[in-house]
Amino acid sequence: MSNLTSCLPNATICDGTSCVLPESDPNYLLNVVLSTTLTILLALVMFSMGCHVELKKFLGHIKRPWGICVGFLCQFGIMPLAGFILSLAFNILPVQAVVVLITGCCPGGTGSNILAFWVDGDMDLSISMTTCSTLLALGMMPLCLWIYTKTWTDAGTIVIPYNSIGTSLVSLVVPVSVGMFFNYKWPQKAKIILKIGSITGIILIILVAVVGGILYQGSWVISPKLWIIGAIFPMVGYFLGFFLARIAGQPWHRCRTVALETGMQNTQLCSTIVQLSFSPEQLTHMFTFPLIYSVFQLVFAALLLAFYMAHKKCGKNNTEFPDSKDNDVVSESSLYKVNGGYQPDEK
């Protein structure tokens, strides 16, 4: 009786609190078509983001990776630990705790690069952080999962899709590199492409959220605890990423960048790992969590963007977010030795 009231009649697996629907052929075909289309659009958007990146500044972050190191600590230190604490605090099922940890151990997503542009973040740092976190995920994901999942399961049962990580890396590096070259050769045309790409990127983020909701509309019935964790988790990432970057002496525009890179995870990669690692019966308890996380990470990112835009429009960003030359003078005096002489860019 409870199954009929909680799940749809065509659900293949249902326990009254969560369900999984069969994947029909039309839905599968639609999924393939949309995935291919979205991948192409994402590559074009990342090309436009690359048109805002200067090779000299990008290499400056690689050679003096102070900002990248802060981001690395946030990405593979704060997020897995936060997932572990939330799982213990809410006393969720072992299989649910594992998917929360997988989400926390994933590298940053490309959506953070698009939003970093809109909050006047450091695009060179954003791109370099996403690239490095995706590359380092090849080793850090197995390590973090081995450390934190031992409480609930054998980490060896979790399948890391290295091909998917490699694909994510290629789909990021190649279009961004082409965009950087385009910016070097034709800087005026690059500005036009950047404006078009930034607007397209926001539309693409919304489109991905809507498409995900439609394709998996029958799988949203899941434990309320996972909904709560999905709402808290990205907010913790944004807040602690910003806070740690500020403690490390980073200027405000880089703090915003690190916050977005920390809170926005590659949830597509998380969904792939979950589907490869668990049985259909186990998927009923946690399959939708990466989608829930995606929804809330976008909601909070939109709120942060609206908050920043409101301050910027009211002319308060010079006092509330002091990215001016005065701030750089303070950074120069306090961080010159720590940062190896690499100074924050004027904003």
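Everything that follows concerns the structure shown earlier in this document.
Report follows, based on the coordinates. Chains are numbered independently. Their residues run from 1 in the order of the written sequence. Confidence filtering applies because this is a predicted model: local features only for residues at pLDDT of at least 70, side-chain atom pairs given and counted only at 80 or more, and all residues used for totals across whole chains, interfaces and linings. Derived side-chain values reflect all non-hydrogen atoms in the structure, with water molecules and hydrogen atoms excluded from consideration.

Pairing of aromatic rings covers Phe, Tyr and Trp, the last counted by its six-membered ring, and requires centre-to-centre distances within 6.5 Å; plane angles under 30 degrees mean stacked, over 60 mean edge-to-face, and any other angle means tilted. Applying the stated criterion across every chain yields a total of 11 aromatic pairs. A centroid spacing of 5.8 Å and a plane angle of 75° characterise the contact between phenylalanine 47 and phenylalanine 182, whose relative ring orientation is edge-to-face. In this pair, phenylalanine 47 sits in helix α2 (residues 25-50) while phenylalanine 182 sits in helix α8 (residues 162-185), placing the two residues 135 residues apart along the sequence. Exposure is judged per residue with a 1.4 Å probe applied to protein chains only, and the accessible area is read against the type maximum: over 50% gives exposed, under 20% gives buried, and values in between give partly exposed. On the basis of relative accessible area, phenylalanine 47 is assigned to the buried category, the value being 18%. Under the scheme used here, helices are H or I runs from DSSP no shorter than 4 residues and strands are E runs no shorter than 2 residues, and both carry numbers assigned from the N terminus.

Time to look at the packing of helix α7 (residues 123-148) against helix α11 (residues 252-263). Orientation is described by lines fitted to C-alpha atoms, with helices fitted over the stretch in contact, and by angles between N-to-C directions that extend from 0 to 180 degrees. In the contact formed by α7 and α11, the axes pass within 9 Å of each other and the chain directions differ by 30°. Between α7 and α11, the angle is such that the two are roughly parallel. Helix-helix and strand crossings are classified by hand; for α7 and α11 the assignment is right-handed. Residues Leu125, Ser126, Met129 and Thr130 of α7 form the contact with α11, whose own contacting residues are Arg254, Thr257, Val258 and Glu261. Here the residues of the contact of α7 with α11 sort into three nonpolar, three polar and two charged. Should an angle fall under 35 degrees it is taken as roughly parallel, and over 145 as roughly antiparallel, whereas 65 to 115 is taken as roughly perpendicular and any remaining angle as oblique. Crossings are sorted by hand: turned counterclockwise from the far helix by less than a right angle, the near helix makes the crossing left-handed, and turned clockwise it makes it right-handed. Two residues form a contact once any of their heavy atoms are found within 4.5 Å. Only Asp, Glu, Lys and Arg are considered charged in this grouping, and only Ala, Val, Leu, Ile, Met, Phe, Trp, Tyr, Cys and Pro are considered nonpolar; every other residue, Gly among them, is considered polar.

The subject of this paragraph is the layout of surface pockets. Within this scheme a cavity is a closed region of a 1 Å grid, computed over the protein atoms alone, that accommodates a 1.4 Å probe without allowing it to escape, whereas a pocket is open but has protein on both sides within 12 Å along at least five of seven lines; lining residues each have an atom within 4 Å of a point. Grid points are joined across faces, edges and corners, and a volume is the space filled by probe spheres set on the points. Quantified by volume, the second largest pocket comes out at close to 320 Å³. Along the wall of the second largest pocket there are 14 residues; nearest its centre are Tyr238, Phe242, Arg256, Ala259 and Leu304. Of the residues forming the lining of the second largest pocket, the biggest block, five residues, is contributed by helix α14 (residues 289-313). When the residues that make up the lining of the second largest pocket are grouped by side-chain class, the tally is 13 nonpolar, no polar and one charged.

Another aspect to go through is the nonpolar core. To form a nonpolar core, buried Ala, Val, Leu, Ile, Met, Phe, Trp, Tyr and Cys residues must be joined to one another through side-chain atoms within 4.5 Å. One finds Val100, Ile102, Met141 and Phe233 to be the most contacted residues of the largest nonpolar core, which totals 65 residues. With residues near it in sequence (within four places) discarded, valine 100 still touches Gly83, Ser87, Ile92, Leu226, Ile229, Phe233 and Phe289. Formed by 10 residues, the second largest nonpolar core is a distinct cluster that contains Ile68, Val70, Ile78 and Cys255.

In this section: unusual backbone geometry. Phi is positive for asparagine 91, close to 50°, though the residue is something other than glycine. Looking at the element boundaries, asparagine 91 is found in the loop between α4 (66-90) and α5 (94-105). For asparagine 91, a relative accessible area of 62% corresponds to the exposed category. Even without a glycine there, the phi angle at aspartate 120 is positive, about 55°. For aspartate 120, the position within the fold is in the loop between α6 (111-118) and α7.

Axis separation between helix α3 (residues 55-63) and α7 bottoms out at 9 Å; the angle between their running directions is 50°. As far as their axial angle goes, α7 and α3 are oblique. Every pair of crossing elements has a handedness; the one defined by α3 and α7 is right-handed. Mapping the contact onto sequence places Lys57, Phe58, His61 and Ile62 in α3 and Asp124, Leu125, Ile127, Ser128 and Cys132 in α7. Residue classes in the contact of α3 with α7 are distributed as five nonpolar, two polar and two charged.

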